[in-house]
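Structure assessment
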Amino acid sequence: MYDADLLTKSEIAALIGDWCRTLTEHERRSPETVRAYRATLMRFVRFLTGHLGAAPDAAALSRLEMPDFRAYLAYRKAQALAARSLARDVSALKSFFRWARRARGIDCAAIRTLSAPRVPRRVPRPLTPAEALDVAAVPVEADWTQLRDAAVLLLLYGAGLRIAEALALTPAAIGTDRMRVIGKRQKMRDVPLLPQVAEAIAAYRRACPHDLTRDAPLFRGARGGALAPGTVRTRMRAARVALGLPESATPHALRHSFATHLLARGADLRAIQELLGHASLSSTQIYTDVDTAQLMDVYRNAHPRA
């Protein structure tokens, strides 16, 4: 247990560092989540330094009460933060104090009753099947980078992958009719490989000038390193402009489209959950809202009395 009287500002930073290592090594959080959580805690400590009049020590962290947390959230809200961002801050704080109580004996009772702001549930806006295929179309004289981008976008729509999952694939993960995908928190799942997607990957591999070794990243950048997510987003943005699609047509919208189109054709919600790699069915159930919204659009546009 930390000595409250000896905990200095540098030791607070070390405490946060230990927590972040736990997030990475034991909870298998993504690097993006760990960076965001670290930034939240460093910001919270800076706020407390002004709010309390001194850098907080372990005793001060234990003594925090609900008004202190509400003051921090009010400070963040004054920066025009959306409810979703405030909810992420609350999640980071709860994670830190939960770890601090278990690992360092720093027990703050107030944090356990802190509630995150209600976040409006956003219904994803899928593309139509034709639009989803159009964004992955390649010109007749396509070079290897265009073939690569088409293969990645087809993976997002044809297999429902996240960008990070597609870019983490290795040649060894690709089978004849399925592939092994590593999802969030390093959870693995097998996903069917559609013939059209397999053909797009094969066309890219034949054209790629780099040595695609078995266990290295399958998709490469221009200089041979791992392909960056930003390149995929740039390619999607160009296709969106060329096809006149709305700004909601993002790479992640292809994953939404995959799930929505499966559900519309009668796929079981549990099966879609497995294909998407969702830990909870509640994450998958949002697509029933999408399907209902589309049904109502059809009704309003087609029914003579609507």
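What this report covers is the structure whose coordinates are included nearby. (Residues numbered from 1 in each chain as written. Predicted model: local features only at pLDDT ≥ 70, side-chain atom pairs only at ≥ 80, totals over all residues. Heavy atoms only, no water.)

Details of the overall build of the protein
The test is simple: Helical segments are the DSSP runs of H or I of at least four residues, strand segments are the runs of E of at least two, and each set is numbered from the N terminus. Here, two residues are considered to be in contact whenever any of their heavy atoms come within 4.5 Å of each other. Using a 1.4 Å probe, accessible areas were evaluated by the Shrake-Rupley method; residue-level cover was limited to the displayed protein chains.
Across its full length, the protein holds 14 helices and 2 strands. A sequence separation of at least 24 residues applies to 61% of the contacts in the protein between residues at least 6 apart. As displayed, the protein has an accessible area near 17000 Å², and 53% of this comes from carbon and sulfur atoms.

Observations concerning the pattern of salt bridges
Note that side chains of opposite charge can pair when their charged atoms are close. Going by this rule: Within this document, salt bridges are pairs made up of a side-chain nitrogen of Lys or Arg and a carboxyl oxygen of Asp or Glu, the two lying within 4 Å of each other. Under the scheme applied here, a residue whose accessible area is under 20% of the maximum for its type counts as buried, over 50% as exposed, and between as partly exposed, the area being computed with a 1.4 Å probe on protein chains only.
Evaluation of the coordinates by the stated rule reveals 12 salt bridges. The partner of Arg-35 in a salt bridge is Glu-32, and the shortest N-O contact between them spans 3.9 Å. Residue Arg-35 and its partner Glu-32 are located together in helix α2 (residues 31-52), separated by 3 residues, close to a single helical turn. For Arg-189, the salt bridge identified is with Glu-165, shortest N-O distance 2.9 Å. In this pair, Arg-189 is assigned in strand β2 (residues 188-192) and Glu-165 in helix α8 (residues 163-167), connecting sequence segments 24 residues apart. We classify Arg-189 as buried; its relative accessible area is 10%. Given the relative accessible area of 3%, Glu-165 is considered buried.

Looking at the environment of Ala-58
With respect to the helices and strands, the residue Ala-58 is situated in helix α3 (residues 58-63). Ala-58 sits 47 residues away from Glu-11 along the chain, and the two C-alpha atoms are 9.6 Å apart.

Let's talk about α2
For clarity, the cut-off: Expected span of a helix: the number of residues minus one, times 1.5 Å.
Compared with the 32 Å implied by 1.5 Å per residue over 22 residues, the 31 Å span of α2 between its first and last C-alpha is a close match. Buried residues of α2: Val-34, Tyr-37, Thr-40, Leu-41, Arg-43, Phe-44, Val-45, Phe-47 and Leu-48, and no others. Where α2 ends, the next residue or the one after it, Gly-53, has phi of about 90°, a positive value.

Quick look at the side chain of Arg-148
What counts, and what does not: Pairs of N or O atoms are called polar contacts if they sit within 3.5 Å, as long as, within protein, a hydrogen donor faces a hydrogen acceptor (for residues adjacent in sequence, only side-chain-to-side-chain pairs).
With respect to the helices, strands and loops of the structure, Arg-148 is situated in helix α7 (residues 144-158). Within the structure, the side chain of Arg-148 is placed 2.9 Å from the side chain of Asp-149, a separation counted as a polar contact. Ignoring anything within four residues of it in the chain, the contact list for Arg-148 reads Tyr-204, Phe-219, Arg-220, Gly-221, Ala-222, Leu-227 and Thr-231.

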